[in-house]
Amino acid sequence: MKEFALIFRLNDIADFKPTPEQVQERINWLAGIAAQNKLADKGNSLLPFPGSAKTVKNGNTVTDGPYTEIKEFIAGYVVVKAETIDEAVEMAKDNPIFKLNGNVEIREILKRD
Amino acid sequence: MAEWQPNSDLLTQLFRQEYLRMIAVLCRHFGLEHIETAEDIVSETFLKASEHWAHNGVPENPPAWLYTVAKNKAKDHLKRHALFEQKIAKDLQPVDIEAEKPFEYSSQFITDSQLAMIFAVCDPGNSNESQICLALQILCGFSVEEIANAFLTKIETIKKRLLRGRTHLRNCNFQITSLSKTAIKLRLDTVLQTLYLLFNEGYFSRTNDQVIRKELCSEAIRLALVLTENVLTNTSQTNALLALMCFQSSRLEARINDKGEAVLFNEQDKSLWDNTLIEKGNYYLVNACDGSEVSKYHLEAGIAYWHTTGTTENKWQQILQLYNQLILIEYSPVAALNRAFAFANVYGRQKAIEETEKLQLTDNSYYHNILGYLYESMDLNNAIGHYKQAIALTKSKAGKQTMQKEIDRLKKKRS
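Everything numeric here is computed off the predicted structure, so don't read it as measured data. (Residues numbered from 1 in each chain as written. Chains lettered and ligands numbered in written order. Predicted model: local features only at pLDDT ≥ 70, side-chain atom pairs only at ≥ 80, totals over all residues. Heavy atoms only, no water.)

## Examining the overall build of chain A
For step 1, the next point in the chain: A count of helices and strands for chain A gives 2 helices and 6 strands.
For step 2, the next point in the chain: The helix and strand sequence of chain A, counted from the amino end, reads β-α-β-β-β-β-α-β.
For step 3, the next point in the chain: Taking the principal axes of its C-alpha atoms as reference, chain A extends roughly 40 × 40 × 20 Å.
For step 4, the next point in the chain: Burial analysis of chain A (113 residues in total) assigns 35% to the buried set.
For step 5, the next point in the chain: Computed over 15 positive and 17 negative side-chain charges, the inter-centroid distance for chain A is 4 Å. (Helix = DSSP H or I, 4+ residues; strand = E, 2+ residues; numbered from the N terminus. Buried < 20%, exposed > 50% of the residue type's maximum accessible area, 1.4 Å probe, protein only. Lys, Arg positive; Asp, Glu negative; His and termini not counted. Charge placed at Lys NZ, Arg CZ, Asp CG, Glu CD.)

## Focus: the overall build of chain B
For step 1, the next point in the chain: Per the secondary structure count, chain B includes 21 helices and 0 strands.
For step 2, the next point in the chain: Counting only residues that meet the buried cut, chain B has 52% of its 415 residues in that class.
For step 3, the next point in the chain: For chain B, long-range pairs separated by at least 24 residues make up 64% of all intrachain contacts whose partners lie at least 6 apart in sequence.
For step 4, the next point in the chain: Counting only carbon and sulfur atoms, one obtains 51% of the accessible surface of chain B, whose full area is about 20,400 Å². (Contact = heavy atoms within 4.5 Å. Areas by Shrake-Rupley, 256 points an atom, 1.4 Å probe, with all protein chains shown as cover.)

## A short note on the environment of C133 of chain B
For step 1, the next point in the chain: With respect to the helices and strands, the residue C133 of chain B is situated in helix α7 (residues 128–139).
For step 2, the next point in the chain: The sequence separation of C133 of chain B and T167 of chain B amounts to 34 residues, and the corresponding C-alpha distance is 13 Å.

## Let's talk about the packing of helix α10 (residues 181–203) of chain B against helix α12 (residues 236–249) of chain B
Residue and element names in this part refer to chain B.
For step 1, the next point in the chain: Two numbers describe how α10 lies on α12: the axes approach to 11 Å, and their chain directions differ by 5 degrees. The angle between the axes of α10 and α12 places the two elements in the roughly parallel class. From α10, D189, L192, L195, Y196, F199 and Y203 reach across to α12, where they touch Q237, T238, L241, L244, M245, Q248 and S249.
For step 2, the next point in the chain: Partitioning the contact of α10 with α12 into residue classes produces 8 nonpolar, 4 polar and 1 charged. (Axes fitted to C-alpha atoms, helices over the stretch in contact; angles between N-to-C directions. Parallel < 35°, antiparallel > 145°, perpendicular 65-115°, else oblique. Nonpolar A, V, L, I, M, F, W, Y, C, P; charged D, E, K, R; others polar.)

## Concerning the sheet that holds strand β6 (residues 103–108) of chain A
All names here are of chain A.
For step 1, the next point in the chain: On the basis of which strands lie adjacent, the open sheet formed by 4 strands has the order β2-β5-β1-β6 and antiparallel pairing. The open sheet has two free edges, formed respectively by β2 (39–45) and β6, since each of these has just one partner strand. Strand-to-strand, the axes of this sheet are offset by a mean angle of 20 degrees, without reference to chain direction.
For step 2, the next point in the chain: Two strands pair when backbone bridges link them, and strand β1 (residues 2–10) and β6 are joined in this way by 6 bridges, in the antiparallel orientation. Its bridge partner lying in β6, L6 is registered against I106.
For step 3, the next point in the chain: Here helix α1 (residues 20–35) sits on the sheet in contact with β1, β2 and β5 (73–82), set at roughly 160 degrees to β2. (Pairing = 2+ DSSP bridges.)

## A closer look at the interface of chain A and chain B
How big an interface is tends to be stated in terms of the accessible area lost upon association of its parts.
For step 1, the next point in the chain: Facing the 13 residues of chain A at the interface are 13 residues of chain B.
For step 2, the next point in the chain: Of the roughly 1,200 Å² buried where chain A meets chain B, counting both sides, 55% is carbon and sulfur surface.
For step 3, the next point in the chain: Linking chain A with chain B are 1 salt bridge.
For step 4, the next point in the chain: Note that D94 of chain A and K358 of chain B form a salt bridge whose closest N and O atoms lie 3.0 Å from each other. (Buried area = accessible area lost by both parts, 1.4 Å probe. Salt bridge = Lys/Arg side-chain N within 4 Å of Asp/Glu carboxyl O.)

## Focus: the packing of α1 of chain A against helix α17 (residues 333–347) of chain B
For step 1, the next point in the chain: Their axes nearest at 10 Å, the elements α1 of chain A and α17 of chain B cross at an angle of 145 degrees. Of the two elements, α1 of chain A crosses α17 of chain B, and the hand of that crossing is left-handed. In this structure, α1 of chain A contributes N28, A31, G32 and A35 of chain A to the contact, and α17 of chain B contributes A336, R339 and Y347 of chain B.
For step 2, the next point in the chain: For the contact of α1 of chain A with α17 of chain B, the per-class residue count stands at 4 nonpolar, 2 polar and 1 charged. (Left-handed = near helix turned anticlockwise from the far one by under 90°.)

## What to know about helix α18 (residues 349–357) of chain B
For step 1, the next point in the chain: By the burial criterion, the buried members of α18 of chain B are A352, I353, E355 and T356 of chain B.
For step 2, the next point in the chain: On the buried face of α18 of chain B, the contacting elements are α1 of chain A together with α17 and α19 (365–375) of chain B.

## Examining the packing of aromatic side chains
For step 1, the next point in the chain: Scanning the model with the defined rule gives 14 aromatic pairs over all chains in all.
For step 2, the next point in the chain: Their ring planes at 85 degrees and their centres at 5.8 Å tell us that F8 of chain A and W29 of chain A sit as a pair that is edge-to-face. Of this pair, F8 of chain A sits in strand β1 while W29 of chain A sits in helix α1, and the two are 21 residues apart along the sequence.
For step 3, the next point in the chain: A relative accessible area of 10% places F8 of chain A in the buried class.
For step 4, the next point in the chain: With 5.4 Å between their ring centres and 50 degrees between their planes, F341 of chain B and Y373 of chain B make a pair best called tilted. (Phe/Tyr/Trp six-rings, centres within 6.5 Å; stacked < 30°, edge-to-face > 60°.)

## Topic: unusual backbone geometry
For step 1, the next point in the chain: Not every positive phi belongs to a glycine, and N60 of chain A is a case in point at roughly 60 degrees.
For step 2, the next point in the chain: Here N60 of chain A is to be found in the loop between β3 (54–57) and β4 (61–64).
For step 3, the next point in the chain: We note that Q360 of chain B has phi near 50 degrees; this positive angle belongs to a residue other than glycine.
For step 4, the next point in the chain: Here Q360 of chain B lies in the loop between α18 and α19.

## Structural notes on the nonpolar core
General note: in soluble globular proteins, nonpolar side chains tend to be found buried as a group.
For step 1, the next point in the chain: By size, the foremost hydrophobic cluster in this structure holds 92 residues, and its most contacted members are M117, L136 and M245 of chain B.
For step 2, the next point in the chain: Mapping this core onto the domain boundaries places at least three of its residues in each of domain 1 (24–105) and domain 2 (107–234) of chain B. (Core = buried A, V, L, I, M, F, W, Y, C linked by side-chain atoms within 4.5 Å. Domains from an automatic or database assignment.)

## A closer look at the environment of A148 of chain B
All names here are of chain B.
For step 1, the next point in the chain: Tracing the sequence through the fold places A148 in helix α8 (residues 144–151).
For step 2, the next point in the chain: Accessibility expressed as a relative area gives 5% for A148, which makes it buried.
For step 3, the next point in the chain: Sequence separation between A148 and E44 is 104 residues, and the spatial gap between their C-alpha atoms is 25 Å.
For step 4, the next point in the chain: Every residue in contact with A148, bar those within four places of it in the chain, is listed here: T153, K154, I155 and I158.

## Digging into a nonpolar patch on the surface
All names here are of chain A.
For step 1, the next point in the chain: On the surface, a nonpolar cluster with roughly 230 Å² of combined accessible area is contributed by I13, L47 and F49.
For step 2, the next point in the chain: For L47, the position within the fold is in the loop between β2 and β3.
For step 3, the next point in the chain: You can call L47 partly exposed: its relative accessible area is 49%. (Patch = residues over 30% accessible without salt bridge, like charges linked within 9 Å, V, L, I, M, F, W, Y side chains within 5 Å.)

Here you go:
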């Protein structure tokens, strides 16, 4: 079995704080994957707020996190187990993030022996 | 036990009550590696009681009599037995044993000994199966035949499991005499898991025998109660487990009808539910919620709590959320399937079919059972097909009967 990181991106910082219904949808989705015994790591949410996000660039330039520009930001990730990337894609398709116009990037994890 | 005629009731009662305690006390004295010796001594003591009491009448304080005789037998044994002399020769020679190590049987000492025994038996190195067998034999006093009945397994198989388990215990040489804080911390998880398995063995028993089922469940509760009597083992998880056991036990009567058939949850006669046990469950659940942790026992107790409360609108929503958390803590096919059933109750059968079929637990009877239920409103043939597969995959007679009834009902509906 391979492992894939599903990386969630949102466009609007206001969407980061979900309503109770959205929380429920997300947990339902996550538990649905765990119920197939295909959740490798329930991952984390990554706070996008001022003070919680910084970027260091070449020359020790420190900028505030991605929220300053109006562009999408990473909201979190989980790691799933799947035979193929297509299977991981199918799992991602059911995620409620698309209702918020977000997106999911799927990346196979390189396993070092 | 016919030969115990004169006081057989009293002796039977004392045997049930004291046999295991006495072994625990003796083991604490000898060390666990001599459990067979302890068992022999206690058995001989009861034999002597049956003879002696028949001739001389019942002594004033029967338990004290038993403990005194057992103590003397133990001392004789210590004196005579070469193995023991070798082992503790240096302790034996200079001083009188009695002065050195008095046999205690205060109620506190008995409770502590029982606790130590539980921890000694629940060894993480033993398989789940042999652990339950050992617990049943050493902690609950079940005979090999009784264990074989409970497991629907051959006596020989049980004997082998017990032998393996006991050999392992002997080789590990767990220190039962002084149960340290560290040992308790290290083993408490295994102890709780064993009691959980023991309870489930009764609650979801392979046997239809109600008496055995109840006995297994009440033994698991009794042992869990011993854990609540010690500060070190009276943890929030222990209380959560006990709450779970109380809630589940409250429905034992209602789960099987007088023909020995399993009764589905929705069809159970709620007046048969035991309210005292539900209240006890509530009590331990409150004790368990000290905010320190949420274990699988907390979640399962929470689910059982919602099942025992009357119908509130968002009951299934709550249950689904608890199953969501449970499956995120620890995957198990049973939890996945129960979650699917809760999902159906919240989001409807159609969505639940999609969710359930993803599980692909095709060799699990319950998987097909749920799909049979879910397909009923959409596709009768498919539903019947799933029920048939479920029947083929289960060994439970009661389960087969219940599902066959469903098939008959669906066939009528189809025609």
